[in-house]
Amino acid sequence: GVQTCALPIFATDLESQWCQPLADAGLIYEPRVVDDNPVHAVVDIADAVDADLIVVGARGQSTLRGIVLGSTSLKLPHETRRPVCIVHTDDVAAG
C-alpha cells in the first residue's frame, strides 16, 4: 500500500528532510503538503487513501501539557475510526 506523509507547509525539502526515513525503509509513499489543522488533515488523508493504520509521532510532552496545548497524537485516536499507533520519539531514538 501507499504510505502518506502529511507535511508542514514550510517544509523546503520534502524528500530529504521528512520522507527519507520512509524511502530508507523501502516503503512506497506519497508526500503531501497540507495547510489544515493537523488532526483533520491526517484523518482526511487516511480516509482518502483508505488507510489500514495511522502512525503518528509523539514528541514527549507531558499528558497534561499535551491536553492543554492540543497534542495531535492525543486527539487523533478520538477523531478517527481507524487504528492509530503512537510512536514516542524516545522509542525511536533508543532504536
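Higher on the page you've got the structure.
All values reported here derive from a predicted model rather than from experimental measurement.

*Asks:* How would you summarise the nonpolar core if you had to cite specific residues and measurements?
*Replies:* Grouped together as the largest cluster of nonpolar side chains are 7 residues: Val-39, Val-43, Ala-46, Ala-51, Ile-54, Val-56 and Leu-76. Secondary structure elements with two or more residues in this core: α2 (38–48) and β3 (54–58). Sorting elements by how many residues they give to this core places α2 first, with 3 residues. When residues no more than four places from it in sequence are discounted, the contact partners of Ala-51 are Ala-46 and Arg-82.

*Asks:* Could you give an account of the side chain of Thr-80, naming the residues involved and the relevant values?
*Replies:* Here Thr-80 is to be found in the loop between α4 (72–79) and β4 (84–88). A polar atom in the side chain of Thr-80 sits 3.1 Å from the backbone nitrogen of Arg-82. Non-local contacts of Thr-80, meaning those with residues more than four positions away in its chain, are made with Val-43 and Ile-54.

*Asks:* Give me the lowdown on unusual backbone geometry, citing residues and values where you can.
*Replies:* Leave glycine aside and you will find that most residues have negative phi; peptide bonds, for their part, are mostly trans. A positive phi angle is found at Asp-50, which is not glycine, with a value near 55°. Within the secondary structure, Asp-50 sits in the loop between α2 and β3. Look at Asp-50 and you get exposed, because its relative accessible area is 52%.

*Asks:* Give a detailed account of the packing of α2 against α4, specifying residues and quantitative values.
*Replies:* Between α2 and α4, the least distance of the axes is 9 Å, while the angle of their chain directions is 45°. In terms of orientation, α2 and α4 fall into the oblique class. The handedness of the crossing between α2 and α4 comes out as right-handed. Side by side, α2 and α4 meet where Pro-38, Val-39, Val-42 and Val-43 of the first sit next to Thr-72, Lys-75, Leu-76 and Glu-79 of the second. Partitioning the contact of α2 with α4 into residue classes produces 5 nonpolar, 1 polar and 2 charged.

*Asks:* I'd like a description of the pattern of salt bridges, backed by residues and values.
*Replies:* In the structure shown here, the tally under the stated rule is 2 salt bridges. One salt bridge in this structure joins Asp-47 and Arg-82, with 3.0 Å as the shortest N-O distance. Within this pair, whereas Asp-47 is found in helix α2, its partner Arg-82 is found in the loop between α4 and β4, the two being separated by 35 residues in sequence. We note a salt bridge from Asp-50 to Arg-82, for which the minimum N-O separation is 3.3 Å. Residue Asp-50 is found in the loop between α2 and β3, and its partner Arg-82 is found in the loop between α4 and β4; the two are separated by 32 residues along the sequence. A residue is classified by how much of its surface remains accessible, and Arg-82, at 7% relative accessible area, is buried. Three or more residues are tied together by salt bridges with common partners; here these are Asp-47, Asp-50 and Arg-82.

*Asks:* I'd love a proper account of the side chain of Arg-82, names of residues and values included.
*Replies:* Within the structure, the side chain of Arg-82 is placed 3.0 Å from the side chain of Asp-47, a separation counted as a polar contact. Beyond its immediate stretch of four places on either side in the chain, Arg-82 contacts Ala-46, Asp-47, Asp-50, Ala-51 and Ile-54.

About the criteria used
- Residues numbered from 1 in each chain as written.
- Predicted model: local features only at pLDDT ≥ 70, side-chain atom pairs only at ≥ 80, totals over all residues.
- Heavy atoms only, no water.
- Core = buried A, V, L, I, M, F, W, Y, C linked by side-chain atoms within 4.5 Å.
- Buried < 20%, exposed > 50% of the residue type's maximum accessible area, 1.4 Å probe, protein only.
- Helix = DSSP H or I, 4+ residues; strand = E, 2+ residues; numbered from the N terminus.
- Contact = heavy atoms within 4.5 Å.
- Polar contact = N/O pair within 3.5 Å; in protein donor to acceptor, adjacent residues only side chain to side chain.
- Axes fitted to C-alpha atoms, helices over the stretch in contact; angles between N-to-C directions.
- Parallel < 35°, antiparallel > 145°, perpendicular 65-115°, else oblique.
- Left-handed = near helix turned anticlockwise from the far one by under 90°.
- Nonpolar A, V, L, I, M, F, W, Y, C, P; charged D, E, K, R; others polar.
- Salt bridge = Lys/Arg side-chain N within 4 Å of Asp/Glu carboxyl O.

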